[in-house]
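Understanding the architecture of this molecule
So the chains spell out like this:
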Amino acid sequence: GEEANKVLPSIKKHLASARLTRTVQLILPKKQGLSRIIAPLIAQNQVIGYLYADMDSIYGLFDGTDRDMLGMLANQAAVALDNAGLVTGLEQKVQERTAQLQESVQETERLLRESQTLASVGRDISSSLEVKVVLENIATQALSLFQGDLSAVFLPSGTGELKAIVAVGQYAQETLNDTIKIGAGVLGDIAQKKKAEIVNDAANDSRALAILGTELIPNENLLTVPLLSSNKLAGLMAVWRSGAGNEFTENELNFLTNLSRQAVIALKNAQLFSEAEEARHVAEQANRTKSAFLANMSHELRTPLNAIINFTELVSMGTMGPVNEEQLEALGYALGSSKHLMQLINDVLDISKIQSGKLALFQEKNVDLQKLVDETLAIIEPSLQKQAELYGHKVKLIRDVDKDLPLITCDQRRIKQVLLNLLSNAVKFTDHGSITLSLKRKDNQVFFAVMDTGAGIAYEQQAQVFEPFVQTLDGVKKAEGTGLGLPITKSLIEAHSGRIWLESEPGEGSAFFFTLPID
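Definitions and cut-offs
- Residues numbered from 1 in each chain as written.
- Predicted model: local features only at pLDDT ≥ 70, side-chain atom pairs only at ≥ 80, totals over all residues.
- Heavy atoms only, no water.
- Pairing = 2+ DSSP bridges.
- Helix = DSSP H or I, 4+ residues; strand = E, 2+ residues; numbered from the N terminus.
- Axes fitted to C-alpha atoms, helices over the stretch in contact; angles between N-to-C directions.
- Contact = heavy atoms within 4.5 Å.
- Buried < 20%, exposed > 50% of the residue type's maximum accessible area, 1.4 Å probe, protein only.
- Core = buried A, V, L, I, M, F, W, Y, C linked by side-chain atoms within 4.5 Å.

**Here's the deal with the sheet that holds strand 11 (residues 394–401)**
In space, the 5 strands of this open sheet follow the order 11-13-14-16-15, with mixed pairing throughout. A strand with exactly one partner marks an edge of an open sheet, and here the two such strands are strand 11 and strand 15 (500–505). Each adjacent strand pair in this sheet contributes to an overall mean axis angle of 10°, direction not counted. Relative to strand 16 (residues 509–517), strand 14 (residues 445–452) runs antiparallel, the two being bridged by 7 bridges. Opposite F447, over in strand 16, you have T515 as the bridge partner. Packed on one face of the sheet, helix 13 (residues 485–495) meets strand 15 and strand 16 and runs near 25° to strand 16.

**Remarks on the pairing of strand 16**
When you tally the buried positions in strand 16, you get 8 out of 9 residues, the bulk of the element. Pairing of strand 15 with strand 16, which is carried by 6 bridges, proceeds in the antiparallel orientation. Within the sheet, the bridge partner assigned to S504 lies in strand 16 and is S510. A loop of 3 residues connects strand 15 with strand 16, the two strands running antiparallel in sequence, and G507 in this loop sits at a positive phi of about 85°.

**Some details on the nonpolar core**
Formed by 42 residues in total, the largest nonpolar core has its most connected members in L369, L437, L439, F448 and F514. Top contributing element to this core by residue count: helix 10 (residues 412–429), with 8 residues. With residues near it in sequence (within four places) discarded, F514 still touches V418, L419, L422, V446, F447, F448, I493, R499, I500 and W501.

Right, dumping it as structure tokens:
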């Protein structure tokens, strides 16, 4: 006969009809071709197969008698198959396959629970630096997942022993009160070997020692994993579960090993945080000491420097005798250098006060900003003229101030210091174009802007200009200042509840903006 895989495609619909009607099917060709008979094999009211026959029309056609005969043969074949137990064997295979699928589903559910637990612990580690809280959550998760009686995490106590930092479940308090000596008992031996272990029926283990205040329990099973950091013992995790048939498995050991890695991460994070906090405290103390030293030194330097400035001015004025032009020029250089040094000392003193939190403002009410601007520009204009005389710079100073600016409350001297810092920088780095000082009112704030057409500041340097002792490349080239002017300016503005920011394009100039509240 023909192979089944060649016959089946042509009779699929007839098989379906035989299965649905449970009757013998006689199929005759319309002209020439094959006549077919399909008889279902029915056993225990189930279709378990089919009996099939076909005949080419050149030899004749099947008829009703043939159909009935093949039907009887099918009935006998079904009985024979049933008696042979083939159907029963098939049902057994189905049952076995069903059991396999159930085991697969259970395994998938177990893996899902474990993944969810690891994810939950990971979130705890990311959101909390309280190591005890994180470890307690890990112990609780392990107890729940393994359906255990007791779960605990042990850490070195510094005396060659381990002590439980967290314990949940039965005998939790007794476990917290006990200590484990490295090398003694099941837990101590595992800690010494630094190798995870399943100890089912732990009471019969030769190493067994009862936790202080408890007794050894028959059929008590133990799962223990050492916490290792760079192959050094950082602690121990253990879960107990009692009862015959509740032995721990390799899968559970593998999961507790993964959970232990999360515990090690939590311990490392806590250690790093503690070290960082200690370093921060040391740095803050060193910074306070440095600031106090700078403040004291600044005061000590200011007194003799003031005397030098005063005596130099007296000599320049001729109060101590005639001074010729050459001497007057030399005295002028000495006086300028002394005042520059005084400004540097004042900057150091200011930054020291700011860093130590001792900067105090002398707030004045009804400060006239128009007058403040005029006084500031009067100080800046000579500097601009000097730059023009010395270097041929052609820079225009522009005053752009609203006429209806309100009176405000501020430390007038400090705001003038801010404007002088910003304008002095603009004069220093602008050799053509203009420098504009702008004041505009907007809502309940006054917006200040100092804009120039100078060299500008590279984008990667803009975030650093407000940090102490940081200068732009152009500033370093000019070899002027200490890099304290802008940090002081920023602190003074923020002390007034304002804010300051920078906008700049290299080659197109810079614009420094800051705000002050009106009330």
